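One letter stands for each residue in the lines below.
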Amino acid sequence: MYRPKHRAPTRRRPTLTPAARTAPVAAVGAVSLAMAAVLGPSAYADSQFTSGQGSHQGKHDKPGKHGKPDKPGKPGKPDDDEHVHDPTATNGGSALPGDAGLSLKQLKPTAQPTTPYEMPFPCGQTWSGSTRAGHSPSVRSVDFNYPGGDHGMAVVAAAPGTVVTAVVGKKKPSYGQYVVIDHGNGESTLYAHLDSVLVTVGQVVSAGTQVGTVGDTGNAYGDHLHFEERLAGAVVDSWFHGSRFPMNSSQTSQNCGQVPVTDIPLAGDMYGGKSAEVMVYRRAKPASFHVTRTGIKERVIKIGNGADQPVLGDWDGNGRVDPGVRNPASRVFTLQVKRDRTEIKFGKKTDLPIAGNWDGTGAWEIGVRRPGSGKFLLRAADGTVTKISLGDADDLPVTGDWDGNGTTDLGVYDQTTASFTLLQTDPLGTQYTVVIPFGVPGDVPVSGDWDGNGITDLGVWSPETATFNKRGAVAPTAAKGRVKHVQFGRPVER
Ligand SMILES: [Ca+2]
Ligand SMILES: [Ca+2]
Ligand SMILES: [Ca+2]
Ligand SMILES: [Ca+2]
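Residues numbered from 1 in each chain as written. Chains lettered and ligands numbered in written order. Predicted model: local features only at pLDDT ≥ 70, side-chain atom pairs only at ≥ 80, totals over all residues. Heavy atoms only, no water.

### What to know about the overall build of the protein
Here is step 1 of the chain: A count of helical and extended segments in the protein gives 2 helices and 35 strands.
Here is step 2 of the chain: Per-residue burial for the protein yields a buried fraction of 56% across its 494 residues.
Here is step 3 of the chain: Looking at the protein alone, contacts between residues at least 24 apart form 57% of all its contacts between residues at least 6 apart. (Helix = DSSP H or I, 4+ residues; strand = E, 2+ residues; numbered from the N terminus. Buried < 20%, exposed > 50% of the residue type's maximum accessible area, 1.4 Å probe, protein only. Contact = heavy atoms within 4.5 Å.)

### A look at the coordination of the calcium ion (ligand 3)
Here is step 1 of the chain: Of the protein atoms, only Asp-401 (OD), Asp-403 (OD), Asn-405 (OD1), Thr-407 (O), Asp-409 (OD) and Asp-409 (OD) coordinate the calcium ion (ligand 3), at distances of 2.2 to 3.0 Å.
Here is step 2 of the chain: Seen from the calcium ion (ligand 3), its 6 donor atoms lie at angles of 47 to 171°, and the figure they make is irregular.
Here is step 3 of the chain: Linear spacing of the donor residues for the calcium ion (ligand 3) on their chain is D-x1-D-x1-N-x1-T-x1-D.
Here is step 4 of the chain: On the basis of relative accessible area, Asp-403 is assigned to the partly exposed category, the value being 34%.
Here is step 5 of the chain: Look at Thr-407 and you get buried, because its relative accessible area is 9%. (Donors = N, O, S within 2.8 Å, 3.2 Å for Na, K, Ca; no water. Tetrahedral: all angles 85-135°; square planar, octahedral: opposite > 155°, others 65-115°.)

### A word on the state of the cysteines
Here is step 1 of the chain: One pass over the full model with this rule turns up 1 disulfide.
Here is step 2 of the chain: For Cys-123, the disulfide goes to Cys-256, at an S-S distance of 2.2 Å. When the S-S torsion is 80°, as for the bridge of Cys-123 with Cys-256, the disulfide is right-handed. With a gap of 133 residues between them, Cys-123 in the loop between strand S1 (94–95) and strand S2 (126–130) and Cys-256 in the loop between strand S15 (249–252) and strand S16 (263–268) connect regions that are remote in the sequence.
Here is step 3 of the chain: The buried category is assigned to Cys-256, whose relative accessible area is 17%. (Disulfide = S-S within 2.5 Å.)

### With respect to the packing of aromatic side chains
Here is step 1 of the chain: Inspection of the entire model under this criterion finds 13 aromatic pairs.
Here is step 2 of the chain: Taking 4.5 Å as the distance between ring centres and 50° as the angle between the ring planes, the aromatic pair formed by Tyr-413 and Phe-420 counts as tilted.
Here is step 3 of the chain: Tyr-413 gets classed as buried once you look at its relative accessible area, which sits at 0%.
Here is step 4 of the chain: Put simply, the rings of Phe-121, Trp-127, Phe-144, Tyr-146, Tyr-191, Phe-227, Phe-240 and Phe-245 touch in pairs and so form one group of aromatic residues.
Here is step 5 of the chain: Taking NZ or CZ as reference, Arg-369 lies 4.8 Å from the ring centre of Phe-376, over its face. (Phe/Tyr/Trp six-rings, centres within 6.5 Å; stacked < 30°, edge-to-face > 60°. Lys NZ or Arg CZ within 6 Å of the ring centre and 35° of its normal.)

### Describing the pairing of strand S3 (residues 142–145)
Here is step 1 of the chain: Burial along S3 is two-sided: Val-142 and Phe-144 facing one way and Asp-143 and Asn-145 facing the other are all buried.
Here is step 2 of the chain: Relative to S3, S2 is paired through 3 bridges, and the arrangement is antiparallel. When the bridges of S3 are listed, Ser-128 appears paired with Asn-145.
Here is step 3 of the chain: The pairing of S3 with strand S11 (residues 225–231) spans 3 bridges and is classified as antiparallel. Among the inter-strand pairings, Asp-143 is bridged to a residue of S11, identified as His-226. (Pairing = 2+ DSSP bridges.)

### Here's the deal with the sheet that holds strand S23 (residues 340–345)
Across a sheet, strands are paired by hydrogen bonds formed along the backbone, either parallel or antiparallel in direction.
Here is step 1 of the chain: One open sheet accounts for 4 strands, arranged S20-S21-S22-S23; its pairing is antiparallel. Both edges of this open sheet fall to strand S20 (309–313) and S23, since each of them pairs with a single strand only. Sheet twist, expressed as the average angle between the axes of neighbouring strands with direction ignored, equals 25°.
Here is step 2 of the chain: Relative to S23, strand S22 (residues 332–337) is paired through 6 bridges, and the arrangement is antiparallel. The partner of Val-332 across the bridge, within S23, is Lys-345. (Axes fitted to C-alpha atoms, helices over the stretch in contact; angles between N-to-C directions.)

### Topic: the sheet that holds strand S4 (residues 154–156)
Here is step 1 of the chain: Strand order in this open sheet of 3 strands is S4-S10-S8, and the pairing throughout is antiparallel. Both outer strands of the open sheet, S4 and strand S8 (194–197), are each paired with one neighbouring strand and no more. Sheet twist, expressed as the average angle between the axes of neighbouring strands with direction ignored, equals 35°.
Here is step 2 of the chain: Sheet topology note: the S8/strand S10 (residues 210–214) ladder contains 3 bridges and is antiparallel. Counted as the bridge partner of Ser-196 is Thr-213 from S10.

### Some points on the coordination of the calcium ion (ligand 2)
Here is step 1 of the chain: Around the calcium ion (ligand 2), the protein contributes the donor atoms Asn-357 (OD1), Asp-359 (OD), Thr-361 (O), Ala-363 (O), Glu-365 (OE) and Glu-365 (OE), which lie 2.1 to 3.0 Å from the metal centre.
Here is step 2 of the chain: Metal-centred angles of 46 to 170° between the 6 donor atoms at the calcium ion (ligand 2) mark the site as irregular.
Here is step 3 of the chain: Considered as a linear motif, the donors of the calcium ion (ligand 2) on their single chain read N-x1-D-x1-T-x1-A-x1-E.

### Considering the nonpolar core
Here is step 1 of the chain: Among the nonpolar cores identified, the biggest contains 26 residues, and Phe-144, Val-179, Ile-181, Tyr-191, Val-211 and Leu-225 are the most heavily contacted of them.
Here is step 2 of the chain: Going through the elements one at a time, S3, strand S6 (178–184), S8, S10 and S11 are the ones with two or more residues in this core.
Here is step 3 of the chain: Excluding anything up to four places from it in sequence, Ile-181 contacts Ala-157, Gly-161, Thr-162, Val-163, Glu-187, Ser-188, Thr-189, Tyr-191, Val-205 and Val-211.
Here is step 4 of the chain: Counting residues in hydrophobic clusters, the runner-up holds 25 residues, among them Val-311, Leu-335, Val-337 and Ile-366. (Core = buried A, V, L, I, M, F, W, Y, C linked by side-chain atoms within 4.5 Å.)

Structure representation (structure tokens):
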């Protein structure tokens, strides 16, 4: 299946762009063992992840059931009409300026939030939501009741986010036991009067993660969930599944495990053990690298946020890779060595970050893969840029030292054909490509020196099973290879 080493240039497709001749020519013989031990960064799969999320949402794109409207105030089940929320409570909500004293009918509806909220109950449950005049802190707050009885029912996160408040204590006033989740963009949700709280401050939650159970703690006269969607701390209209919640109605939860895909696989030698650790970058808030260490608990390095793209490189040239991220909006790379952070602005918003030792000496440099154009842009330490064409518009970048000479080489992975195309340089400096089929369509490429021989090896990560399949061979272009599997990271739910 694998092509022999040093075969003639392979044209994978008629559209394959010939390798540019302007790429730095490898310095043959300048093998640095230290540098050879460090590995290329790996894969980015934004486009795939985005489409995966989209298709998942589509699957649940059924209209919610709307039952008959509920009477405000729930006769026979009075609740917190009279109470005033404790102003000293952390993250207590407020009414929007101008909302105070007005009924919901007199208020202008608020705009659709950025956060894709679902109802704060498990998939398929139908709850009625109501408000009433004087509902504190805002008439836009929703009191939810369950027809079969509320007490002890699961309350789940309406969207992914980070728990910023978790008040525990059955005697707490006002909201009683409650949780606030920050969803970014100034948006947050509040879940109040809980009978139990099952999350802690700082915990990163997915949509559907249980945060507690329904109760009547605090200023409530009967079990119910008091729920608020907030913008900058002020209560706004609640939206679920892309629609404004019609107050005093029943709706079925479509909070059906739309766990956003957050893990991006990478590999590199972070600890000087020569062989590469596999890791994932988990795009939560805050985001973090989760690194495997044989026999040791996984290490978590917090850096970046959910929208950032991970990049690994040896920023200080000590032979071990360091974490980095790129913010696509600001185009700024943040390269971290211990507590020092270096920021470099490079590339376009739609670019994917890469890094490698382009010149074969000292620390690594950064670069980008430009989707659409099929080009790599390699940035030298002095800021000069080398452009190299390789692969198709939608190929994913993969980097590594394919020949072990200490200079990082380029490659791409085509997710449709499940094949790598590696750019090689022969001893005379002539460049050619080698195609190596590996993995199955949809896999995400990862490269790393699995055996620590100084030559970067190939691998893929299966999003369905969160499994790294590491191709073990003397060189990535070698015909024979044994595959080792390591399950790590969170699988995509489809
Ligand atoms: Ca380093
Ligand atoms: Ca360098
Ligand atoms: Ca090389
Ligand atoms: Ca190797």
